[in-house]
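Summary of the model geometry
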There are 2 protein chains.
Amino acid sequence: MKFKKMIVTGATKGDISSDYWKQINQLTGEVVFIGSEDLATLEKNCDIDCLISKFNPVDKHMIDMFPNLKYIGVYATGYGKIDTEYAKKKAITVTNVPGYSTESVAELVFGLILEELREISRAKSSSKSGNYSEEGFTATEIKGKTFGILGLGRIGTRVAELASTFGAKVLYWSRNKKKLRDKSIKYASMSRVVSQSDILSLHLALCDGTEGILDKKLINSIKKGALVVNTAPMELVDLSALEKRLAKRDITFVLDHSDEMEAGDLKRLKKYENCIIYPPIGYISKEASIAKQEIFVSNLKGFLKGKPDNIVN
Amino acid sequence: MKFKKMIVTGATKGDISSDYWKQINQLTGEVVFIGSEDLATLEKNCDIDCLISKFNPVDKHMIDMFPNLKYIGVYATGYGKIDTEYAKKKAITVTNVPGYSTESVAELVFGLILEELREISRAKSSSKSGNYSEEGFTATEIKGKTFGILGLGRIGTRVAELASTFGAKVLYWSRNKKKLRDKSIKYASMSRVVSQSDILSLHLALCDGTEGILDKKLINSIKKGALVVNTAPMELVDLSALEKRLAKRDITFVLDHSDEMEAGDLKRLKKYENCIIYPPIGYISKEASIAKQEIFVSNLKGFLKGKPDNIVN
């Protein structure tokens, strides 16, 4: 079994290496790419039975454009922009690529935290300019800190394990009160996690009910002096409330999903020295990149063989 | 019991906070400070019964200047520059301050590693200048790497535990084949640890037999592409051999003991982009600073009460 025609949106050829394209080309008769600018002028197409999307929205309208669509392969972990319910009604299977970036993101979280706690980049450039004195550098330890985690998916769980080994007191909140084997990592209400944490790391998926979940009340309750790290989508956060809190200069907020943000929103946050914005370098490790392509292609093969995996609808 | 006169060398009043000076002043009749430039003109003094040194050498000559010296308090963990044997012959107790910086240094080791593996400072400044693209950024994970540790004191042990939780294959060498409870952390010969590690972290104390221990042969055997982190004294490393290896641009060497190095040596190494030099920010965490002063003062009190602790000779 093969697909007849695959349409790829929100991803470019370069997102997947030639080795994996070779495998994909054997699974479909044809591949076409459409840019986001072409979405408005999309015409009905009965040949397309497979749609690949990275971060682009796939709504009812789009699904209706392809009457014979059987499969939507999301080339990402998050699938919040796909109308999975409507796809289900139309008997279209939607799969995602989970877990590939767990280690990559979890390790970066500690890189970002240690950068803030230890002023590593400032120390590096100080030495580079010939000043080897530690005078004026401050440092605190992860050990002994209250380390809060919102969202206990794969990445949240991994961050919790690492924080616990670093000697932090780990608190977490997860929607379904998920339990962990490690009893030293404790469940608490969202408001307790947010207000008690010295270090707070966000690991919620973007879906119904999580958009703007870090609302004004919660943002105002963040502990003074806390370090908040968000390697998840910024849609989780009420930006106006965050901006007001940043203006008080009593928290530090670090984020890396800048690629998915509006230019205006980036500009608003960039004004604040205590808001540290990174390019989206969380999921880009060599190992994650290989795992992502491996899982994605295996999803396609699984569906064609009638043994679909990683279905999200 | 009190000391009659305390002489402090290689440390300034600012090294210890006023709270702890209050306690120290109650333990001695008098305190005098001498700078390294005054050491040459030092005169015999029979009043001095207590000598405090940070990193300054305390040799036979100096010990002989103080015929009534009873106690040398090293305000540091390392005591390689103190002639402890001669002090012992003269019935002088030497104590150090062990363990205070274990977490501070171990955490920094991972900060320095993640900075190199994830290009955090470059990403930070890229965003700061308005470029939010991850293009051109590379990243690899600690997980799955072979992580070598030379020296299994407190810091080496802690780094081994953390590396193991990060999912690295941990190999270590220690002089007395020290055993660890965690069986996943494996002992190996020094040459195997050095030649097989993707990440190599040095945690040996500077003492007889460790000076220049990372010699030409070992330096040449470091794996291509490896990241070497030295948060221990650079006296452990043959600098000429390191310089030659750095010139091949096939390893990255990170160090933070720049304060103890000769200006000429720093200049030699600084030429190489693959040699990353930091100010000595390993041990400076707030928590470590408090613990250091606490242990130091408690050493003084313990000696005066006839219950000396942390004796190193």
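Located above this text is the structure these notes cover.
The rules behind these values
Residues numbered from 1 in each chain as written. Chains lettered and ligands numbered in written order. Predicted model: local features only at pLDDT ≥ 70, side-chain atom pairs only at ≥ 80, totals over all residues. Heavy atoms only, no water. Helix = DSSP H or I, 4+ residues; strand = E, 2+ residues; numbered from the N terminus. Rg over C-alpha atoms; globule rule 2.2 N^0.38 Å. Buried < 20%, exposed > 50% of the residue type's maximum accessible area, 1.4 Å probe, protein only. Contact = heavy atoms within 4.5 Å. Areas by Shrake-Rupley, 256 points an atom, 1.4 Å probe, with all protein chains shown as cover. Lys, Arg positive; Asp, Glu negative; His and termini not counted. Charge placed at Lys NZ, Arg CZ, Asp CG, Glu CD. Least-squares fit on C-alpha atoms with pLDDT ≥ 70 in both. Buried area = accessible area lost by both parts, 1.4 Å probe. Polar contact = N/O pair within 3.5 Å; in protein donor to acceptor, adjacent residues only side chain to side chain. Disulfide = S-S within 2.5 Å. Core = buried A, V, L, I, M, F, W, Y, C linked by side-chain atoms within 4.5 Å. Salt bridge = Lys/Arg side-chain N within 4 Å of Asp/Glu carboxyl O. Right-handed = clockwise from strand over helix to strand, strands pointing away. Expected span 1.5 Å × (residues − 1). Pairing = 2+ DSSP bridges. Axes fitted to C-alpha atoms, helices over the stretch in contact; angles between N-to-C directions. Phe/Tyr/Trp six-rings, centres within 6.5 Å; stacked < 30°, edge-to-face > 60°. Lys NZ or Arg CZ within 6 Å of the ring centre and 35° of its normal.

What about the overall build of chain A?
Across its full length, chain A carries 11 helices and 12 strands. The C-alpha radius of gyration of chain A comes to 22 Å, within 12% of the 20 Å expected for a compact globule of 313 residues. In terms of principal-axis extent, the alpha carbons of chain A reach across some 65 × 45 × 35 Å. Classification of the 313 residues of chain A by burial places 55% in the buried group. Restricting to contacts in chain A with at least 6 residues of sequence separation, those with at least 24 account for 61%. When the accessible surface of chain A is totalled, it reaches about 14,000 Å², and 50% of it is carbon and sulfur. Each charge class in chain A was averaged separately, 47 positive and 39 negative side chains, and the resulting centres sit 5 Å apart.

Things to note about the relation of the copies chain A and chain B
Once turned by 180° and shifted 0.0 Å along the axis, chain A lies on chain B with an RMSD of 0.1 Å. Accordingly, the operation relating the two chain copies is best matched by a two-fold axis. When the interface residues of chain A are mapped onto chain B, 100% of them again fall at the interface, so both copies present the same face.

Observations regarding the interface of chain A and chain B
Contacts between chain A and chain B engage 51 residues on the former and 51 residues on the latter. Buried area between chain A and chain B, summed over both chains or domains, comes out near 4,500 Å², and the portion from carbon and sulfur atoms is 60%. Linking chain A with chain B are 31 residue pairs in polar contact (both at pLDDT 80 or more), by the criterion used here. When residues of the side of chain A that touches chain B are traced back to their parent elements, those giving at least two are α4 (102-118), α5 (120-128), α6 (154-165), α10 (263-270), β12 (275-277) and α11 (286-304) of chain A. When residues of the side of chain A that touches chain B are assigned to their parent elements, the largest contribution, 11 residues, is made by α4 of chain A.

Overview of the state of the cysteines
Residues and elements named next belong to chain B. Under the defined criterion, the tally for this structure stands at zero disulfides over all chains. Here C46 is not cross-linked by a disulfide; its sulfur's nearest cysteine counterpart is in C50, at 16 Å. On the basis of relative accessibility, which here comes to 45%, the residue C46 falls in the partly exposed class.

Side note on the nonpolar core
In terms of nonpolar packing, the biggest core is built from 114 residues, with F110, F147 and L300 of chain A together with F110, F147 and L300 of chain B touching the most fellow members. Here F147 of chain A is in contact with F110, I113, I142, V159, A163, A168, K169, V170, L171, S197, I199 and S201 of chain A, once residues within four sequence places are set aside.

Quick notes on unusual backbone geometry
Residues and elements named next belong to chain B. In this model, E119 sits at a positive phi of 50°, which is unusual for a non-glycine residue. When you line up the elements, E119 lands in the loop between α4 (102-118) and α5 (120-128). The buried category is assigned to E119, whose relative accessible area is 19%. Despite not being glycine, N310 has its phi angle at roughly 60°, a positive value. Its location among the elements puts N310 in the segment after α11 (286-304).

Brief notes about the pattern of salt bridges
Enumeration over the complete set of coordinates arrives at 36 salt bridges over all chains. The closest approach of N and O atoms between D265 of chain A and R268 of chain A, which form a salt bridge, is 3.2 Å. Here D265 of chain A and its partner R268 of chain A are both found in helix α10, three residues apart, which amounts to about one turn of the helix. Here R268 of chain A falls in the partly exposed class, since its relative accessible area comes to 26%. K271 of chain B serves as the salt-bridge partner of E243 of chain B, at 3.2 Å between the closest nitrogen and oxygen.

Observations regarding the pairing of strand β10 (residues 227-230) of chain B
Residue and element names in this part refer to chain B. Of the two faces of β10, the one holding L227 and V229 and the one holding V228 and N230 are both buried throughout. After leaving strand β9 (residues 199-202), the chain enters helix α8 (residues 216-221) and then returns to the sheet as β10, a path that is right-handed. Each parallel crossover has a hand, and for β10 linked through helix α9 (residues 239-247) to strand β11 (residues 252-255) it is right-handed.

Observations concerning the environment of E119 of chain A
Residue and element names in this part refer to chain A. Separated by 20 residues in sequence, E119 and A139 have C-alpha atoms that sit 7.4 Å apart. In contact with E119, other than residues within four places in its own chain, are L114, G136, F137 and T138. Within the structure, the side chain of E119 is placed 2.7 Å from the side chain of R122, a separation counted as a polar contact.

As for α4 of chain A
Residue and element names in this part refer to chain A. With 17 residues, α4 extends 24 Å from end C-alpha to end C-alpha; this agrees with the ideal 24 Å at 1.5 Å per step. By the criterion of burial, α4 is predominantly enclosed, with 16 of the 17 residues buried. E119 lies just past α4 and shows a positive phi near 50°.

Details of the sheet that holds strand β2 (residues 28-34) of chain B
Residue and element names in this part refer to chain B. Taken together, the five strands give an open sheet; going across it, the order is β2-β1-β3-β4-β5, and neighbouring strands pair in parallel fashion. Of all strands in the sheet, those with a lone pairing partner are β2 and β5 (93-95), marking the two edges. Recorded for the sheet is a direction-independent mean angle of 20° between the axes of neighbouring strands. Of the pairings in the sheet, the one linking strand β1 (residues 3-9) to strand β3 (residues 48-53) comprises five bridges and is parallel in character. Each bridged residue has a counterpart across the sheet, and for V8 the counterpart in β3 is I52. Helix-sheet contacts for helix α1 (residues 18-25) involve β1 and β2, and the interaxial angle to β2 is about 125°. α11 rests against β1, β3, β4 (71-74) and β5 of the sheet, and its axis sits at about 165° to β4.

Comments concerning the packing of aromatic side chains
Under the definition given, this model contains 19 aromatic pairs over all chains. Considering the side-chain rings of F3 of chain A and F303 of chain A, the 5.8 Å spacing of their centres and the 10° angle between planes classify their relative orientation as stacked. Taken together, the residues span a long stretch of sequence, with F3 of chain A in strand β1 (residues 3-9) and F303 of chain A in helix α11 at a distance of 300 residues. Across the pair, F303 of chain A and F3 of chain A agree in class, each one buried. By the ring-pair criterion, three or more aromatic residues cluster together here, those being F110, F147 and F166 of chain A together with F110, F147 and F166 of chain B. Above the face of the F137 of chain A ring, R122 of chain A is positioned so that its terminal group lies 4.1 Å from the ring centre. Sitting over the ring of Y75 of chain A, K292 of chain A keeps its end group 4.2 Å from the ring centre.

Remarks on the pairing of β1 of chain A
Residues and elements named next belong to chain A. Counting buried positions over the seven residues of β1 gives six, a clear majority of the element. Inspection of the sheet shows β1 paired to strand β2 (residues 28-34) by six bridges, in the parallel sense. By the bridge assignment for β2, V8 is matched with F33. With respect to chirality, the unit in which β1 leads through helix α1 (residues 18-25) into the neighbouring parallel β2 is right-handed.

Points about the sheet that holds β1 of chain A
Paired through their backbone hydrogen bonds, the strands of a sheet run either parallel or antiparallel. All names here are of chain A. The five strands lie next to each other as β2-β1-β3-β4-β5, forming an open sheet whose pairing is parallel. Looking along the sheet, the strands with just one partner apiece sit at the ends: β2 and β5 (93-95). Strand-to-strand twist of the sheet, defined as the mean angle between neighbouring strand axes without regard to direction, takes the value 20°. Examined bridge by bridge, strand β3 (residues 48-53) and strand β4 (residues 71-74) share four bridges and lie parallel to one another. Within the sheet, the bridge partner assigned to I52 lies in β4 and is G73. Sheet strands in contact with α1 are β1 and β2, and its direction is about 125° off that of β2. Strands in contact with α11 are β1, β3, β4 and β5; relative to β4, the strand with the most contacts, it is inclined by about 165°.

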